[in-house]
Amino acid sequence: MIFLTALPLFWIMISASRGGHWGAWMPSSISAFEGTCVSIPCRFDFPDELRPAVVHGVWYFNSPYPKNYPPVVFKSRTQVVHESFQGRSRLLGDLGLRNCTLLLSNLSPELGGKYYFRGDLGGYNQYTFSEHSVLDIINTPNIMVPPEVVAGTEVEVSCTVPDNCPELHPELSWRGHEGLGEPAVLGRLREDEGTWVQVSLLHFVPTREANGYRLGCQASFPNTTLQFEGYASLDVKYPPVIVEMNSSVEAIEGSHVSLLCGADSNPPPLLTWMRDGTVLREAVTESLSLELDEVTPAEDGVYACLAENAYGQDNRTVGLSVMYAPWKPTVNGTVVAVEGETVSILCSTQSNPDPILTIFKEKQILATVIYESELQLELPAVMPEDDGEYWCVAENQYGQRATAFNLSVEFAPVILLESHCAAARDTVQCLCVVKANPEPSVAFELPSRNVTVNETEREFVYSERNGLLLTSILTLRGQAQAPPRVTCSSHNLYGTKSLELPFQGTHRLMWAKIGPVGAVVAFAILIAIVCYITQTRRKKNVTESPSFSAGDDPPVLFSSDFRISGVPEKYESRELSTLE
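Residues numbered from 1 in each chain as written. Predicted model: local features only at pLDDT ≥ 70, side-chain atom pairs only at ≥ 80, totals over all residues. Heavy atoms only, no water.

Per an unreviewed UniProt entry, the protein is named Myelin-associated glycoprotein, and its organism is Balaenoptera musculus. The record in UniProt for the protein states the following under Sequence similarities (unreviewed entry): "Belongs to the immunoglobulin superfamily. SIGLEC (sialic acid binding Ig-like lectin) family." (UniProt positions renumbered as here; feature names shortened; annotations may be inferred.)

Written out as structure tokens, the structure reads:
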């Protein structure tokens, strides 16, 4: 807005054009408050050769042509005016001095419109000027707010009201400016077309809280009841601030999770949900939720909400912790070791919260940790007794998982003390129990006869393995003389072990711990004893020579009707002569 305190431009132009042509100069628009008055400045000119004795003039409303019978606002010849202007209009200027300024009083809305002036110099020297002034009747002050108000940047807000009534001058005051600043009244100023205004300025630095604030200006006229108020809402632009967001979220695997982000900004922000740099959802809105259905451990992590507009940005993060049962433990480490070596076994899993990890062997706890995802089992010098099945168990409040693993301890053969021989009549049976890993070979040696029988000779040796134990049974028949010396020899890649098997009494049974067949073997021996006693009693009743006929079978340790379970019949009775 340009204000001039010098003479109006059209007064300068009128002075420069005197003695020229027909012409008039007035403001193209002028305004005034309802109920007050307005003075419409006006100057006109005519050719100097026209020297009228008296100059008259007429003001018309909304039309410049008399033939259209427009309402007469003022007429100097007759003082006859339209009823709307009776008592409301008079001429302030001197027509003889080419001043046609018009005063309108007691303004009402129907008087708003176009005003035309017609010069009357007498006779045919009458001229209606095309120039006109548009009168605007107002009832609110004009508050001017800059097109962009940014928080933190000083702004100037002005209140402007017309002051074109010589009889009443307005006074300005601000409403609702508390905390914004003190106003500065500039007073009465002339505009570039010769009209007058009253101006008051308000300087302040807005904050985001001032957005939407209603700022008012009041124009009052002293000694009257006339008061006019106008209001403007501040549209303060400011960057986003995230004001609503979840705190850390815990959810059980498979449940539904809703993450909410809300931001305050003007204009509304672009809200974006992100995770690890990947955009999950975005929209221009003040609040944006991220819905996660049936969450999995893979969705555990940190989620970021970014709010941004043209004036700045803000971001915040929220952690999502997905609670779930332990995964099946994994075992990484040595599962095969040589006796005496150090064994290290690592059991690990994943869960939330971290689990209790425990390693068992035969229901005995060997190692445990609480709220750890890894468990290390150290066996500094493994022994054969460490061989076997182990369990790693992981558990928390959401479930339990377990993994079995085997530790295989390899060692040289050990011939157990229960290994021995037993003789009954002409049958010798030798039991050799060997503990070894990997599985050893077993051979029976008869040094006095320079004979070796190994386990591959199924006609004489029956072998069965149970875990780390290998049980071999050698059966010899036709041993009428003293039983031979028998040595059991066992070998694997870690060494060889030999033991001369001790003989138990001639008529004693062979009791041995031979694994799962032991009980069956013992039972078979008991039956054989019964058979043996029966045959002995029969011999006492025979009067002939005690020698056996060619058609008779010699007595055996095992009855033909009772055999070792799992041992083929053809392996149970072979005479020693076949080995010699």
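A. View of the nonpolar core. Counting 32 residues, the largest nonpolar core has Phe44, Trp59, Leu104, Tyr115 and Phe117 as the members making the most contacts within it. Going through the elements one at a time, β2 (29-33), β3 (38-40), β5 (56-61), β6 (72-75), β8 (102-104), β9 (113-120) and β10 (126-138) are the ones with two or more residues in this core. When residues in this core are grouped by element, the largest group, four residues, is from β5. If we ignore the near neighbours within four places in the chain, the residues touching Leu104 are Thr36, Cys37, Val38, Ile40, Val73, Phe85, Arg88, Ser89, Tyr115 and Leu135. Counting residues in each nonpolar core, the second largest holds 23 residues, with Val155, Val161, Leu215 and Phe221 among its members. (Core = buried A, V, L, I, M, F, W, Y, C linked by side-chain atoms within 4.5 Å. Buried < 20%, exposed > 50% of the residue type's maximum accessible area, 1.4 Å probe, protein only. Helix = DSSP H or I, 4+ residues; strand = E, 2+ residues; numbered from the N terminus. Contact = heavy atoms within 4.5 Å.)

B. View of the pattern of salt bridges. If you walk through the whole model with that rule in mind, you get ten salt bridges. Among the salt bridges present, the one from Glu167 reaches Arg90, with a minimum N-O distance of 3.5 Å. Of the two residues, Glu167 sits in the loop between β13 (155-162) and β14 (171-175) while Arg90 sits in strand β7 (residues 89-91), which places them 77 residues apart along the sequence. Three or more residues are tied together by salt bridges with common partners; here these are Asp45, Asp48 and Arg98. (Salt bridge = Lys/Arg side-chain N within 4 Å of Asp/Glu carboxyl O.)

C. Quick peek at the state of the cysteines. What the rule picks out here adds up to seven disulfides. Linked covalently through their sulfurs, Cys261 and Cys305 form a disulfide whose S-S length is 2.0 Å. Its S-S torsion of about -80 degrees marks the bond between Cys261 and Cys305 as left-handed, since a negative value means left-handed. With Cys261 in strand β21 (residues 257-266) and Cys305 in strand β25 (residues 301-309), this residue pair connects regions lying 44 residues apart in the sequence. Per residue, the accessibility class of Cys261 equals that of Cys305, and both read buried. (Disulfide = S-S within 2.5 Å.)

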